[in-house]
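Tertiary structure, described
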Amino acid sequence: MNQLNNRLQHVQESQMQNKQALSEHEEMEQYFFELNQRGARLFDRLYDAWHEDEELKITIEQGRVELGQYERKITYDLENKKQELLNEKRELSLVEENLYEMKRLMEQEEEP
């Protein structure tokens, strides 16, 4: 029974760490989204100010394309990491449920 309680405590600690990681991840996603919006607005302003200069116009457009490529890669990575954290959360919940069920059964067996 003591070993079961220790396992439950370990799972609960892992759940807290997972919850913290999910919270931090959501903050990172929000920060990335805001940063990306600022970058897009900056490219829009640069383009509006310098679109008559052909060479600068091309440079700005290339920068905008690069920014889009980085955005897609980072978004993909963020989505994958979030899915990993959600899967871990689900697995930990299942383990916790199983441990509580085992504990309940052991307590029933101990009752006279």
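The following refers to the structure shown.

Definitions and limits used
Residues numbered from 1 in each chain as written. Predicted model: local features only at pLDDT ≥ 70, side-chain atom pairs only at ≥ 80, totals over all residues. Heavy atoms only, no water. Core = buried A, V, L, I, M, F, W, Y, C linked by side-chain atoms within 4.5 Å. Buried < 20%, exposed > 50% of the residue type's maximum accessible area, 1.4 Å probe, protein only. Helix = DSSP H or I, 4+ residues; strand = E, 2+ residues; numbered from the N terminus. Contact = heavy atoms within 4.5 Å. Salt bridge = Lys/Arg side-chain N within 4 Å of Asp/Glu carboxyl O. Phe/Tyr/Trp six-rings, centres within 6.5 Å; stacked < 30°, edge-to-face > 60°. Lys NZ or Arg CZ within 6 Å of the ring centre and 35° of its normal. Patch = residues over 30% accessible without salt bridge, like charges linked within 9 Å, V, L, I, M, F, W, Y side chains within 5 Å. Areas by Shrake-Rupley, 256 points an atom, 1.4 Å probe, with all protein chains shown as cover. Axes fitted to C-alpha atoms, helices over the stretch in contact; angles between N-to-C directions. Parallel < 35°, antiparallel > 145°, perpendicular 65-115°, else oblique. Left-handed = near helix turned anticlockwise from the far one by under 90°. Nonpolar A, V, L, I, M, F, W, Y, C, P; charged D, E, K, R; others polar.

Once that is clear, we can look at the nonpolar core. Judged by nonpolar contacts, L4, L8, V11, L92 and L99 together constitute the single largest core of five residues. Among the elements of the structure, α1 (2-50) and α2 (54-110) are those that each provide at least two residues to this core. A per-element tally of this core places α1 first, with three residues. Among residues more than four places away in sequence, those in contact with L92 are V11, S14, Q15 and N18.

Right, let's talk about the pattern of salt bridges for a bit. This structure, assessed with the given rule, holds five salt bridges. A salt bridge links R64 to E61; the shortest N-O distance between them is 3.5 Å. On the criterion of helical spacing, the pair formed by R64 and E61 is a turn pair, its members being three residues apart in helix α2. R64 gets classed as partly exposed once you look at its relative accessible area, which sits at 27%. A salt bridge links D77 to K73; the shortest N-O distance between them is 2.7 Å. Taken as a pair, D77 and K73 lie in helix α2 at a separation of four residues, close to a single helical turn. Beyond isolated ion pairs, a larger network of salt bridges with shared partners links D44, E61 and R64.

The topology assignment puts N36 in helix α1. The buried category is assigned to N36, whose relative accessible area is 15%. Apart from the residues within four sequence positions on either side, N36 is in contact with L67 and E71.

Taken as a whole, this structure holds zero aromatic pairs when the rule is applied. When the ring centre of Y47 is taken as origin, the NZ or CZ atom of R64, which lies over that ring, is 5.7 Å away.

All right, on to a nonpolar patch on the surface then. Together, L42, L46 and W50 give the surface a local cluster of nonpolar side chains, amounting to about 270 Å² of exposed area. Topologically, W50 is positioned in helix α1.

The next point concerns the environment of E26. Inspection of the secondary structure puts E26 in helix α1. A residue is classified by how much of its surface remains accessible, and E26, at 44% relative accessible area, is partly exposed. On a C-alpha basis, the gap between E26 and K82 in space is 8.3 Å, while along the polypeptide they are 56 residues apart.

It is worth spelling out the packing of α1 against α2 at this point. To describe two helices that pack against each other, one gives the angle between their axes and the distance between the axes. One can describe the packing of α1 onto α2 by two numbers: an axis separation of 9 Å at closest approach and a directional angle of 165 degrees. It follows from the interaxial angle that α1 and α2 lie roughly antiparallel. Both α1 and α2 take part in a crossing whose hand is left-handed. Class assignment for the residues of the contact of α1 with α2 results in 25 nonpolar, 11 polar and 14 charged.

Note that every value here comes from positions in space, so none of it alone points to a role or purpose.
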